[in-house]
Amino acid sequence: MADPSYDWAALYQKHRDAMYGVAYEVLRGRGRTDLAADAVQEAMLSLMKAPPAEPPRSWEALLVATSKRRALDIVRSAAVVRGVEYSEEYVRGGAAPDEDEAMEWLEKMAQARPAIARLDAQEHYVLAQYIVLDRPRGDIAAEVGVTPARISQISTRVLSKINAAVKGGG
Amino acid sequence: MHPDGKDEEIAAILDARAGQSALAAGADQSSERPEVRDLLKAADFAWASQQSAPPLADDPVAAMLGLVPDSELELDGKALSSARKNVGLTVSVLAQRLAARGWEVTSRDIFAWESGKNLTHVPALINALAEETAVDADRLRRQSGGDPERARLAVIVGSEAFKGLAQRWARIQGTTVALAASALESRMLVAVHRGGAPEADVLLESIEALVDSVEGAEGAEGS
């Protein structure tokens, strides 16, 4: 099934975090992050079945773009099954993902990570608990010992830092 | 310093996400306001950057591709050394060939394997070594010695306490949880190989102390 000139196991081990990341992101809007493994599995199977004739410019970009495509297929088929309206605009990159778009996404992720690593402990707590885990602001405020309004302020500061890093590349 | 209207506006959108992306939750408010849209996009990037693949043992693709370590089989270091010499490859050339395939393997790893240390249990990697040294993969595999230390480490790595530490380490290092877990596991392996066979709770405490100290240093810098 697989082209012997490509070592799929090695490539997958190296890039599986990014493949899952993009699949989670697409499926999140439909509350179906539990289907991320399906999207990633279908992406790998499709690539192994029809490998690129030439090595791509970036394996990571190809794997990420394929994972995203499969996740979008899942979102679309779920929308059809449920008869609900499917809005592409707010499913990230809802239209035909390609490798250039995937590379841009990966670059932005790479720029965001050091900015996140530079956050102080309180900022990181707000990022993890409020922005990522989506816990109630009031609960986090009580844990940190500040007001909910202060959590809003810290949250905006964190997002401004990440936005500056993603836009400025620093 | 008092929170301004923008802070509360962004927070209200984040509060209303209910599992969706921030950009989707704030679609009405951000359509005409690029500064709000940028911050919501940043929230979505932050969310995505904190996601990672499941552990190898829980990943069906990893199982399909032979990436899940097999505790019963390990690389035969002497057989690898012999096979490598038979095809006239130096250690560094073999490492380069593996790296070209996508494996993160260095000459140092291969030297260690050939000396019988840190032998890999990953079937797909053993297959790759066999292909590069032109031997049947079965010749490079042997029954694992049933290393009790390795089995003990596997239990620790699977614990919730270890996963929590890996998440903290990932934050400090700005890396994925999987890579952070791997780095912490390597540190525990070093501790085990130094001898003394420390207990599981002692190993976890030493890793926690490391994470605490680096977090503490970071907090001091930030204050």
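Above: the structure in question.
Read on for an overview of the structure. Predicted, not measured: the structure shown is a model, and the values here were computed from it.

### Digging into the overall build of chain A
Across its full length, chain A holds seven helices and zero strands. What you see in chain A, going N to C, is helices and strands ordered as α-α-α-α-α-α-α. Across the 170 residues in chain A, those meeting the buried criterion constitute 48%. Within chain A, contacts between residues separated by at least 24 positions form 66% of all contacts whose residues are at least 6 apart in sequence.

### Some thoughts on the overall build of chain B
Secondary structure assignment for chain B yields 13 helices and two strands. Out of the 223 residues belonging to chain B, those deemed buried represent 43%. Within chain B, contacts between residues at least 6 apart in sequence are counted, and of these 58% link residues at least 24 apart. Of the roughly 11,100 Å² of accessible surface on chain B, 52% is carried by carbon and sulfur atoms.

### A closer look at helix α5 (residues 121-132) of chain A
Along α5(A), the residues classified as buried are Glu123(A), His124(A), Val126(A), Leu127(A), Gln129(A), Tyr130(A), Ile131(A) and Val132(A). Buried positions along α5(A) lie against α4 (99-117), α6 (137-144) and α7 (148-168) of chain A together with α1 (5-15), α4 (34-49) and α11 (160-173) of chain B. Measuring from the backbone nitrogen of Gln122(A) back to the side-chain oxygen at the start of α5(A) gives 3.1 Å, which picks out Asp120(A) as the cap. Just past α5(A), the residue Asp134(A) takes up positive phi, approximately 60°.

### Regarding the environment of Glu104(B)
Among the structural elements, Glu104(B) can be located in the loop between α7 (91-101) and α8 (107-114). Owing to a relative accessible area of 60%, Glu104(B) belongs among the exposed residues under this scheme.

### Some words on the packing of aromatic side chains
One pass over the full model with this rule turns up four aromatic pairs over all chains. Measuring from ring centre to ring centre gives 5.7 Å for Tyr6(A) and Trp8(A), while their planes differ by 75°; the resulting arrangement is edge-to-face. When its relative accessible area of 10% is taken as the criterion, Tyr6(A) is described as buried. Trp8(A) gets classed as buried once you look at its relative accessible area, which sits at 4%. Every member of this aromatic cluster is reached through a ring pair, and the members are Tyr6(A), Trp8(A) and Trp59(A). When the ring centre of Trp47(B) is taken as reference, the NZ or CZ atom of Arg28(A) above it lies at 4.1 Å.

### What to know about helix α6 (residues 77-86) of chain B
Residues and elements named next belong to chain B. Those residues of α6 not exposed but buried are Gly 77, Ala 79, Leu 80, Ser 81, Ala 83 and Arg 84. Contact partners of the buried residues in α6: β1 (73-75), α7, α8 and α9 (123-132). At the N-terminal boundary of α6, the capping side chain belongs to Asp 76, with an oxygen 3.2 Å from the backbone nitrogen of Lys 78. Backbone geometry just after α6 places Gly 88 at a positive phi near 75°.

### Digging into the interface of chain B and chain A
Residue-level contacts link 57 residues of chain B with 52 residues of chain A. Between chain B and chain A the total buried area reaches about 5,100 Å² when both faces are included, carbon and sulfur atoms providing 60% of it. Ranking the residues of chain B by area buried against chain A places Phe45(B), Trp47(B) and Arg171(B) at the top, with a combined share of 15%. On the surface where chain B and chain A come into contact, there are seven salt bridges. Residue Asp15(B) pairs with Arg137(A) through a salt bridge whose shortest N-O separation is 2.6 Å. Counting across the chain B and chain A interface gives 20 residue pairs in polar contact (both at pLDDT 80 or more). When residues of the side of chain B that touches chain A are traced back to their parent elements, those giving at least two are α1, α2 (22-25), α4, α5 (60-64), α9, α11 and α13 (200-222) of chain B. Among the residues forming the side of chain B that touches chain A, the class breakdown is 31 nonpolar, 13 polar and 13 charged.

### Overview of the side chain of Ser21(B)
Residue and element names in this part refer to chain B. Structurally, Ser 21 can be placed in the loop between α1 and α2. According to the relative accessible area criterion, Ser 21 is buried, its value standing at 10%. Here Ala 24 takes part through its backbone nitrogen, which lies 3.1 Å from a polar atom of the side chain of Ser 21.

### Topic: the packing of helix α1 (residues 8-28) of chain A against helix α2 (residues 36-49) of chain A
Residues and elements named next belong to chain A. At their nearest, the axes of α1 and α2 sit 9 Å apart, and the two run at 135° to each other. It follows that α1 is oblique to α2 by the angle criterion. In the crossing of α1 with α2, the sense of the turn from one axis to the other is right-handed. Across the interface between the two elements, Trp 8, Tyr 12, Met 19, Tyr 20, Ala 23, Tyr 24 and Leu 27 from α1 touch Ala 36, Ala 37, Ala 39, Val 40, Ala 43, Met 44, Leu 47 and Met 48 from α2. The class makeup of the residues in the contact of α1 with α2 is 15 nonpolar, no polar and no charged.

### Points about the nonpolar core
Within the largest apolar cluster, 98 residues are counted, with the highest numbers of intra-cluster contacts made by Tyr12(A), Trp103(B) and Leu140(B). Each residue touching Trp103(B), except ones within four places of it in the same chain, is listed here: Asp7(A), Ala9(A), Ala10(A), Gln13(A), Leu67(B), Leu98(B), Ala124(B), Leu125(B) and Ala128(B). One finds Ala166(B), Met188(B), Leu203(B) and Ile207(B) within the second-largest nonpolar core, a separate group that totals 16 residues.

### Looking at the side chain of Asp76(B)
Residue and element names in this part refer to chain B. Here Asp 76 lies in the loop between β1 and α6. In this structure Asp 76 comes out as buried when scored by relative accessible area, which is 18%. From its side chain, Asp 76 meets the backbone nitrogen of Lys 78 in a polar contact 3.2 Å long. Those residues in contact with Asp 76 that lie beyond four places of it in its chain are Leu 140, Arg 141 and Arg 142.

About the cut-offs
Residues numbered from 1 in each chain as written. Chains lettered and ligands numbered in written order. Predicted model: local features only at pLDDT ≥ 70, side-chain atom pairs only at ≥ 80, totals over all residues. Heavy atoms only, no water. Helix = DSSP H or I, 4+ residues; strand = E, 2+ residues; numbered from the N terminus. Buried < 20%, exposed > 50% of the residue type's maximum accessible area, 1.4 Å probe, protein only. Contact = heavy atoms within 4.5 Å. Areas by Shrake-Rupley, 256 points an atom, 1.4 Å probe, with all protein chains shown as cover. Polar contact = N/O pair within 3.5 Å; in protein donor to acceptor, adjacent residues only side chain to side chain. Phe/Tyr/Trp six-rings, centres within 6.5 Å; stacked < 30°, edge-to-face > 60°. Lys NZ or Arg CZ within 6 Å of the ring centre and 35° of its normal. Buried area = accessible area lost by both parts, 1.4 Å probe. Salt bridge = Lys/Arg side-chain N within 4 Å of Asp/Glu carboxyl O. Nonpolar A, V, L, I, M, F, W, Y, C, P; charged D, E, K, R; others polar. Axes fitted to C-alpha atoms, helices over the stretch in contact; angles between N-to-C directions. Parallel < 35°, antiparallel > 145°, perpendicular 65-115°, else oblique. Left-handed = near helix turned anticlockwise from the far one by under 90°. Core = buried A, V, L, I, M, F, W, Y, C linked by side-chain atoms within 4.5 Å.

By themselves, these observations are geometric and do not establish any function.
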